[in-house]
Each structure stands twice: as structure tokens, then as C-alpha cells.
Amino acid sequence: MGQAGCKRLSQSLFDYKTEKYVIAKNKKVGLLYRLLQVSILTYLVVWVFLVKKGYQDFDTSLQSSVITKVKGVTFTNTSELGERLWDVADYVIPPQGENIFFIITNLIVTPHQRQETCAESESIPDAVCYEDSDCPPGEPIMAGNGVRTGRCLQSGNTQRGTCEIFAWCPVETKSRPEKPLLGKAEDFTIYIKNFIHFPKFNFSKTNVLDTKDRDFLKSCRFGPKNPYCPIFRLGSVVSWAGSNFQEIALQGGVIGIQIEWNCDLDKAPSECNPRYYFSRLDSRFPGNSVSSGYNFRFAKYYRDEAGVEFRTLMKAYGIRFDVMAGKFSIIPTIINMASGVALMGVGSFVCDLVLIYFIKKSNFYRNKKYEEARSGHAGNGKVSVEQLQDLQTVEA
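Residues numbered from 1 in each chain as written. Predicted model: local features only at pLDDT ≥ 70, side-chain atom pairs only at ≥ 80, totals over all residues. Heavy atoms only, no water.

### Observations regarding the overall build of the chain
The helix and strand inventory of the chain stands at nine helices and 15 strands. The buried share of the chain, taken over its 396 residues, is 33%. Contacts in the chain between residues far apart in sequence, at least 24 positions, make up 66% of those at least 6 positions apart. Accessible area of the chain: about 25,800 Å², with a carbon and sulfur share of 54%. (Helix = DSSP H or I, 4+ residues; strand = E, 2+ residues; numbered from the N terminus. Buried < 20%, exposed > 50% of the residue type's maximum accessible area, 1.4 Å probe, protein only. Contact = heavy atoms within 4.5 Å. Areas by Shrake-Rupley, 256 points an atom, 1.4 Å probe, with all protein chains shown as cover.)

### Some thoughts on the state of the cysteines
Under the counting rule described, the total for this entry stands at four disulfides. The disulfide bridge from C118 ends at C169, spanning 2.0 Å between sulfur atoms. Taking the sign of the torsion about the S-S bond as the criterion, the disulfide between C118 and C169, at about -75°, is left-handed. Here C169 lies in strand β8 (residues 161-169) and C118 lies in strand β5 (residues 100-119), a separation of 51 residues in the sequence. Its relative accessible area of 15% is what places C118 among the buried residues. In this model, C135 is linked to C163 through a disulfide, with the two sulfur atoms separated by 2.0 Å. (Disulfide = S-S within 2.5 Å.)

### Thoughts on the nonpolar core
Among soluble globular proteins, nonpolar side chains are generally buried collectively. Counting residues in hydrophobic clusters, the biggest one holds 41 residues, and the most contacted among them are Y91, I103, I192, L234, I255, I257 and F321. Put simply, the parts of the chain that give this core at least two residues each are β1 (63-71), β5, β9 (189-198), α5 (234-240), α6 (245-251), β12 (253-261), β13 (274-280) and β15 (309-325). The biggest single contributor to this core is β5, with six residues. (Core = buried A, V, L, I, M, F, W, Y, C linked by side-chain atoms within 4.5 Å.)

### Some thoughts on the side chain of T312
You can see T312 is positioned in strand β15. Its relative accessible area of 14% is what places T312 among the buried residues. Excluding its chain neighbours within four sequence positions, the residues that come into contact with T312 are V109, T110, P111, H112, F298, A299, K300 and Y302.

### Some words on the pattern of salt bridges
All chains considered together, the criterion is met by ten salt bridges. In this structure, R233 and D187 form a salt bridge, with 3.0 Å as the shortest nitrogen-oxygen distance. Placement of R233 in strand β11 (residues 231-233) and of D187 in the loop between β8 and β9 is noted, with a sequence separation of 46 residues between them. Judged by relative accessible area, R233 falls into the partly exposed class, the value being 31%. Residues joined by salt bridges that share partners form a network here, namely D126, E139 and R148. (Salt bridge = Lys/Arg side-chain N within 4 Å of Asp/Glu carboxyl O.)

### A closer look at the packing of aromatic side chains
Applying the stated rule across the entire model yields 14 aromatic pairs. Residues W240 and F278 carry aromatic rings whose centres are separated by 5.1 Å and whose planes lie at 40° to one another, so their mutual orientation is tilted. In this pair, W240 is assigned in helix α5 and F278 in strand β13, connecting sequence segments 38 residues apart. When its relative accessible area of 39% is taken as the criterion, W240 is described as partly exposed. (Phe/Tyr/Trp six-rings, centres within 6.5 Å; stacked < 30°, edge-to-face > 60°.)

### Focus on the pairing of β5
Sheet topology note: the strand β4 (residues 92-93)/β5 ladder contains two bridges and is antiparallel. Each bridged residue has a counterpart across the sheet, and for I93 the counterpart in β5 is F102. The turn joining β4 and β5, which pair antiparallel and follow one another in sequence, is formed by six residues; a positive phi near 75° is taken by G97. Two elements, β5 and β15, share eleven bridges in a ladder whose sense is antiparallel. Looking at the pairing, L107 lines up with A316 of β15. (Pairing = 2+ DSSP bridges.)

### Examining a positive patch on the surface
Judged by side-chain charge, K69, K71, R214 and K218 come together as a positively charged surface patch. Within the fold, R214 resides in the loop between β10 (203-206) and α4 (216-219). Among the residues examined, R214 registers a relative accessible area of 76% and is labelled exposed. (Patch = residues over 30% accessible without salt bridge, like charges linked within 9 Å, V, L, I, M, F, W, Y side chains within 5 Å. Lys, Arg positive; Asp, Glu negative; His and termini not counted. Charge placed at Lys NZ, Arg CZ, Asp CG, Glu CD.)

### Examining the pairing of β15
Burial runs high along β15: 13 of the 17 residues are buried. One ladder, built from nine bridges, connects strand β14 (residues 295-303) with β15; its direction is antiparallel. Bridge pairing links K300 to T312 in β15. Between β14 and β15, which follow one another and run antiparallel, lie five residues, and G307 among them has a positive phi close to 90°.

Following this line, the structure appears as C-alpha cells:
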């Protein structure tokens, strides 16, 4: 690099570059540009800021807690359990009032089980046998109830039998009842208490009416005219979720309760109200599909006078409730403003396309917008007569 090159490089460090603006005296393009600006400005003011309230700052760190409690009693009389009164301690799992809880509505009871040997259930395909060699000792039966002992127990004169197993005997053999055991549970009540707190705005609220009347929660029921009563009738919740109570009580299911708080703190705190949404969460299949319903097993253990351990096995069908409180996200004002400025640039881009490519004098505007400057051919700043005539023709 010579001395001249170094001099040019040092001088270029202090150059200042600026954009060149060409004012196009074209009424049609000018009108198009203003219409685009007005449309974008209307979108920002009316839709983004007034309708969607994009100027507000939203707290996305909603803190929420849910407390639940179920109340109700019913009476049953069955051959397995005899006369029995059912209260909350019997049919609600877990008992401590979490946001997910289960209400038993139907049961298959297998009483007086003890660990000994017995025949496996005939409904287990892997338990079918024809001779002792089909029941290798010590191997568990897949989807069965126990471990094979090595014997094939045949009933009557048939060659087909089931493997003998060591298990809790007798094994469960009964099918689901045709009517729900706790069919009157639809009149039970669910107490759902929800606390929310927006830490950014130091704002808290609950879905329970602020009153000193101690009898309020004993007599009220949730409804459109009483949104701050957190007492829900079980049958009503199931119907709001689009299901029939007797059907879901028979084979079980899962109900979701969504509590949504969408609070505009520009308004009074009394305008911040909860909204409830009820939905059936488990998949419902037509007919008596094996995939329908919700159930699980549990047992109650005891010992007799001789110290032998027994248990009562229960296969419980019922309704599982998932109570959820919603969170929200929003675009802050500064992002909306930046987006609006970027949208304004769209108007200039569209008008440049029209000027350069779609009007009759597009070559003239293209030469004015994009100027090529070469070293040693700098203009003297004067405008020729031909250029003025062309400009007058375009303006006309």
C-alpha cells in the first residue's frame, strides 16, 4: 500500500454517510402511502391498544393455591359389606383436600382374602392349562393374581383348567355392578377454595365471598347468580362437563375444573372475577369399550384372633377431579410500539415498488433513487434543461 492509499484510508475514517431522500411528486403514490399509514395506525390504536389492551403490563407469575373439601353421606346394603353408611372418610381419596381428588361411586368387593393357594381366575388368558407342565412352578402369571405352583386344576370332566397359584385367595372374580353403588352421590357437594396473588402488583383475591355470615357456606350453591359461592353440587359439575352422572358413576371418569382469573387492574378490584370451565378429560369410547372409565384397586387389612392376616380387596370406580388455576401471557407496550414502527416501514416499501416498477416513468424514479457515483466524474451541482423538462413532465 502506497502513501496515497494510506492517505485515502485515513481520510475515509472521518467520512459521514447519510441517506438520500427523493420526494416524488406523484399524487396517486402519495395517496397510497397515506392510506397505508392510516391503516397501520388504526390497527395499532384500535385493535392492539384498545381491544387487546397492549399498553398494559401483565403479571405472568401468578401464584395460586387450591383447597378442596367434599361433603355428603349415603347408605348402602350389599351382600359383601352388609348395611353401611358412607361418609367423606370412606369415599374420598386422598382425604387432605388437594387440587386432585377422587370420589368413589362404584365398587367390586372381594372380602376375606388370605395368602394361600387357589385356582387362578378363568378370565386370565395366561392361566389356562391342560396339564401340570403348562404351569411351571415359581413363574408369575402375566396380568394375573399370583405365582404358579406347578399344578393344573381342572374343573369337572373337562380337560381345560387353570393353573394353581399362591396368591391372596379367593381371587377377584366378580364383574362390575350394573348400577353404581353410590348412585345418590350426585347430591354431594364439593368445596373449592382458590387463592390467587399477582406479586408484581401486590394484588390478591379469592373465589369466596368476603362476608361475616357464618351460615353463608352452609346454604349457598354456585351458580350464575352466585359466582362467589365455592360450593358445587357434584351432579351439576358432571352435567356442566357434558356427561351423565349415572353413566360416569358406573364406570368412572376424569373431570377437569379450570378456574381462570383474567383481571384488568385498570378497573376496580370488584371487576376481577373468576371464571369456571368444566370438561371431561378422559377419552370416552362408544359402547362398553375396555378403555372407558377410571378405576383402581386398594385393600384394607386386618388379622383374626389367631393372628392370620386377611384383607378386603376393593376395585374402586369413581370420578377423579383435577382443579387447575390459569396463567396468562401478554405483549408489553414497548414491543407493540416497536412492531408499529416496523409496520410503518411497510408503507415506504410498497410505495417504492410502485414507483420503480409499476408506473410509466419508473425509469426516471429509479435513476433518481439509485445514483451511481464514480471517482473523477463528480457533477458540478448543475441541472440540465433536459432534466428539468423530464421532471415537469412527471409532475404533470
